[in-house]
Structure formats: structure tokens, C-alpha cells
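So you can see what is in the structure, the chains are spelled out below.
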Amino acid sequence: MKIITWLIVAFNVVSVPVAVASPDNGAGAPTIVPGDNAFSLTYGGSIRHYLVHIPPAAETSKPLPVVLSFHGERSNAKHHRAYAGMDNLSDQKGFIVVYPQGSGRWGHRGLTWNAGKCCGYAVKKNIDDVGFVRALINDLATKAAIDRDRVYATGFSNGAMMTYRLAVEAREIIAAIAPVAGAMAVEAFTPTRPVPIMHIHSVDDPRAHYDGGFGPRTGLFFSRIKHESVVTTIEEWAKFNQCFVEPARERSVRGGLGAVYAGHGATLYAYRRCDGGNEVALWKLQGVGHIWPGGNADFEEVDVGPSTKIIDANSEIWRFFSRFSLSTKRDVSSN
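Residues numbered from 1 in each chain as written. Predicted model: local features only at pLDDT ≥ 70, side-chain atom pairs only at ≥ 80, totals over all residues. Heavy atoms only, no water.

**Remarks on the overall build of the protein**
Condition: Only DSSP runs of H or I covering at least 4 residues are called helices, and only runs of E covering at least 2 are called strands; the numbering of each starts at the N terminus. Only protein chains enter the area calculation, which uses a 1.4 Å probe; residues under 20% of their type maximum are buried, those over 50% are exposed, and those in between are partly exposed. In short, Shrake-Rupley with a 1.4 Å probe defines the accessible areas, and a residue's cover is counted only from the protein chains shown.
When you go through the protein residue by residue, the secondary structure sums to 7 helices and 12 strands. The buried share of the protein, taken over its 335 residues, is 55%. As presented, the protein carries roughly 13,900 Å² of accessible surface, and 52% of it is formed by carbon and sulfur atoms.

Following this line, the structure appears as C-alpha cells:
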């Protein structure tokens, strides 16, 4: 049974004691044991929270890549973790997943990110979420052996917008981003460095319209969000990243007649020839809604349109991320 995100029961995210492995990990920091952890830190006068999943690979001395995964509007870290389901892939591929938590009026419910022009409480209160992310990474580095050249950001809806803000304002700490179902919402497009980007979005998204414009009235106050065009967002970044040729159609997946996902489709378009080995890619979906492809449909809000597993967002995101780092850009991993 689907449940409404902002009604999810709050969870306890106070910092918890964890076992510590040998501090000799090559990064000068102790390593928390594999499994699930919850931490808090004080930033901007407020207590902020984040969840961390540590894979078995953390038992080695090698610093691990980090994927920051941001929840959507009116959601929270625990809900997004259950919905996106990236922990299993983390265990398989050996990267750390971090689920940061936004801010709001009602404890751990109804939370948002200040992505620039969106959304809700975080924007109205001008919450410094970029600063929070910087503080989070520094805090995590005291607890786990992380590869600071390989910190990535993905997110859903308002969380996707937040990844774009990080790409614009915090490129020196983010190696690549992969927004899902949310276009850029920054006040001003002023990036300082190119950023590899892979965007995932459905042309039939009933909330974050592919072509931009106001979405439907949602939430407790029936507010409306104005979304930017996905194509405009992608083209702006392709121009900034100095991609000199038109995007190529690289892969296409279709659900045939009688298939579980009949009528669903996904096509990957990619600008490969960009300055410095950067890329800009778009998974353009058809026949599906405002969803995380491959996600747990039981954790979706109502009225978001059809779910799909025509592609698995987690696998596609990690396949993209694993090719980039701040230092070498490409071919940094065999994952």
C-alpha cells in the first residue's frame, strides 16, 4: 500500500556508538564497521542528521568512494533509503552511501532542501544546505576512510535539484552528479568548473514536468512548484562543459506487448566529446511517472504515475559515477 511521504513516522537519528576498526587506513581516520549507522552534527546553529551505509569493503584499508543520496520534498533520509534501495549495490560495488536529511518545521517529517528556488521551508529560511554538505563530508571523514576525490551526489525530485546546486557551488568536493526527476533550480547559473552529469527523467512525469512549468498542487498547504525544463538544464550544462557535438543516442530499452512494463521506454542520450573528459547524459523515460526507476513502489507518494523497472537507476548511476573522479575524471574504477 502506498503511503504519503510527509506522514512517515520520524526516526531516531541521534549519533550512535559504533565499533571502530584499525585507524591505519591510509586516510588518517578510523573506519566504522560495515552496516547501518546514524549520525548528527551541529551546523548553522541547528542539529542536522544523516544516515550512512558502510559496505563490507570498508574492512580493508582502502579509502572508499561516497555517494550522497538526497531525499525528495516532504520526505526524509530513512524513507528515501527504503525507496531508492541503494544499500545492496553499495555492498556489491564497495562504495559508502550517505543519506543526508533536510530541514523542516516538524522534526523528521516534511523536510526539504534549499536548491535555490525550491523548496518549501529550506528556501524560506535560507538554509545553508551547501555548507551542511561540506560539514557532513568533513564529519564523515573522521569516522570512515573516504576517497575525497570520489564523492558523488544523486537525489530525487527536490533532492535532484540539490545535486545541481552542489555542482554549481561545490564542484571542488563533488566529482559527478546524477539527478533523478528534478531539474536545476539555482538562482544563478555560475559554475566554476565542468561537472559530469547524468540526468534521469520521464517525459510523462506529472509532478516535475519534463518541459518545465508549474506542477500540481501538493502537500499540506497545496503549494505548487515551478520546474525548469529538463532540456534547457541539460543544454546549459553541455554548453558550459564545452561539449562540441550533438548528443548521441546510445541505448534504448522498451517494454513490449505483454511485458510487465509494456508501454514503458528509456533512451540514453549522451554528450561524450566534452572538454577535459567530462560528459553530460540524459536517460529520457516514457510512460512512467515521478519515480525512481527500480525503486520500491510501496514507498511512493500517491498520484505520481506509474512505477517502472525498465532501467535500474542505482545501477546506471553507479556505472556513470565509477568512471569519474576529481583527479583523473575517467577510468578510475573497474566496477
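Picking up where we left off.
**A few points about the pattern of salt bridges**
Going by this rule: The rule for a salt bridge is simple: a side-chain nitrogen of Lys or Arg has to be within 4 Å of a carboxyl oxygen of Asp or Glu.
Applying the stated criterion across every chain yields a total of 15 salt bridges. Where Asp87 meets Arg81, a salt bridge forms, and the shortest distance between an N and an O atom there is 2.9 Å. Of the two residues, Asp87 and Arg81, both sit in the buried class. For the salt bridge of Glu228 with Lys117, the shortest nitrogen-to-oxygen distance reads 3.9 Å. Here Glu228, found in the loop between β9 (226-227) and α6 (230-240), pairs with Lys117, found in the loop between β4 (96-100) and α3 (120-124); they are 111 residues apart in sequence, far enough to count as distant. Using a relative accessible area of 30% as the deciding quantity, one classes Glu228 as partly exposed. Looking at Lys117, the relative accessible area reads 49%, which means it is partly exposed. Here the salt bridges do not stand alone but share partners, grouping Glu73, Arg74, Arg207 and Glu301 into one network.

**Details of the packing of helix α4 (residues 129-141) against helix α5 (residues 158-169)**
Cut-off, in case you're wondering: Interaxial angles span 0 to 180 degrees and are taken between N-to-C directions of axes, which are lines fitted to C-alpha atoms, for helices over the stretch in contact. Here the angle decides the label: under 35 degrees means roughly parallel, over 145 means roughly antiparallel, 65 to 115 means roughly perpendicular, and every other value means oblique. Every residue pair with non-hydrogen atoms within 4.5 Å of one another is taken to be in contact. Each residue is assigned to one of three groups, with Ala, Val, Leu, Ile, Met, Phe, Trp, Tyr, Cys and Pro labelled nonpolar, Asp, Glu, Lys and Arg labelled charged, and all others, Gly among them, labelled polar.
Viewed as axis vectors pointing N to C, α4 and α5 meet at an angle of 80 degrees, and their least axial separation amounts to 10 Å. Relative to α5, the element α4 lies roughly perpendicular. Touching Asp129, Val130, Val133 and Arg134 of α4 are Met162, Arg165, Leu166 and Glu169, all from α5. Looking at side-chain class alone, the contact of α4 with α5 contains 4 nonpolar, no polar and 4 charged residues.

**Notes on the pairing of strand β5 (residues 146-156)**
Which entries qualify depends on this criterion: Any two strands between which DSSP finds at least two bridges are classified as paired. With its strands directed away from the observer, a crossover is right-handed exactly when the path from the first strand over the helix to the second travels clockwise.
Of all 11 residues in β5, 8 are buried; the element is thus mostly enclosed. Pairing geometry for strand β3 (residues 64-70) and β5, over 6 bridges, is parallel. In the strand pairing of β5, Val66 is matched with Val151. One ladder, built from 5 bridges, connects β5 with strand β6 (residues 176-180); its direction is parallel. Each bridged residue has a counterpart across the sheet, and for Tyr152 the counterpart in β6 is Ala176. With α5 bridging β5 and its parallel neighbour β6, the resulting β-α-β unit is right-handed.

**Points about the state of the cysteines**
The following threshold applies: The disulfide criterion used throughout: a pair of cysteine sulfur atoms within 2.5 Å.
Scanning all chains against the criterion turns up 2 disulfides. Between the sulfur atoms of Cys118 and its disulfide mate Cys119 the distance is 1.4 Å. Classification of the bridge connecting Cys118 and Cys119 rests on its S-S torsion, roughly 60 degrees, and on that basis the disulfide is right-handed. Across the pair, Cys119 and Cys118 agree in class, each one buried.

**Things to note about the side chain of Asn278**
Definition in use: In protein, a polar contact means a hydrogen-donor-capable atom and an acceptor-capable atom, both N or O and within 3.5 Å, with residues adjacent in sequence counting only if both atoms are side-chain atoms; elsewhere, any N or O pair within 3.5 Å suffices.
When you line up the elements, Asn278 lands in the loop between β11 (265-271) and β12 (280-286). Taking relative accessible area as the criterion, Asn278 reaches 2% and is therefore assigned buried. At 3.0 Å, the side chain of Asn278 forms a polar contact with the backbone oxygen of Asp275.

**Things to note about the nonpolar core**
Nonpolar side chains in soluble globular proteins tend to end up buried together. Defined as follows: By nonpolar core we mean a set of buried residues, namely Ala, Val, Leu, Ile, Met, Phe, Trp, Tyr and Cys, connected to one another through side-chain atoms within 4.5 Å.
Formed by 49 residues in total, the largest nonpolar core has its most connected members in Val52, Leu68, Ile96, Val98, Leu166 and Trp237. Here this core gets 7 residues from one element, more than from any other, and that element is α4. If we skip the residues at most four places from it in the chain, Trp237 touches Tyr164, Ala167, Val168, Met184, Phe189, Pro191, Arg193, Val195, Ile197 and Val280. Counting 39 residues, the second-largest nonpolar core is a separate cluster that includes Tyr99, Ala270, Ile291 and Ile310.

**Regarding α5**
Helical periodicity: at 3.6 residues per turn, an α-helix aligns residues three or four positions apart in one direction. Test applied: An expected span of 1.5 Å times one less than the residue number is assigned to each helix.
Given a rise of 1.5 Å per residue, 12 residues ought to cover 16 Å, and the 17 Å separating the end C-alpha atoms of α5 matches this to within 8%. Of all the 12 residues making up α5, 11 are buried; the element is thus mostly covered by neighbouring parts of the structure. Considered for burial, the residues of α5 that qualify are Asn158, Gly159, Ala160, Met161, Met162, Thr163, Tyr164, Arg165, Leu166, Ala167 and Val168.

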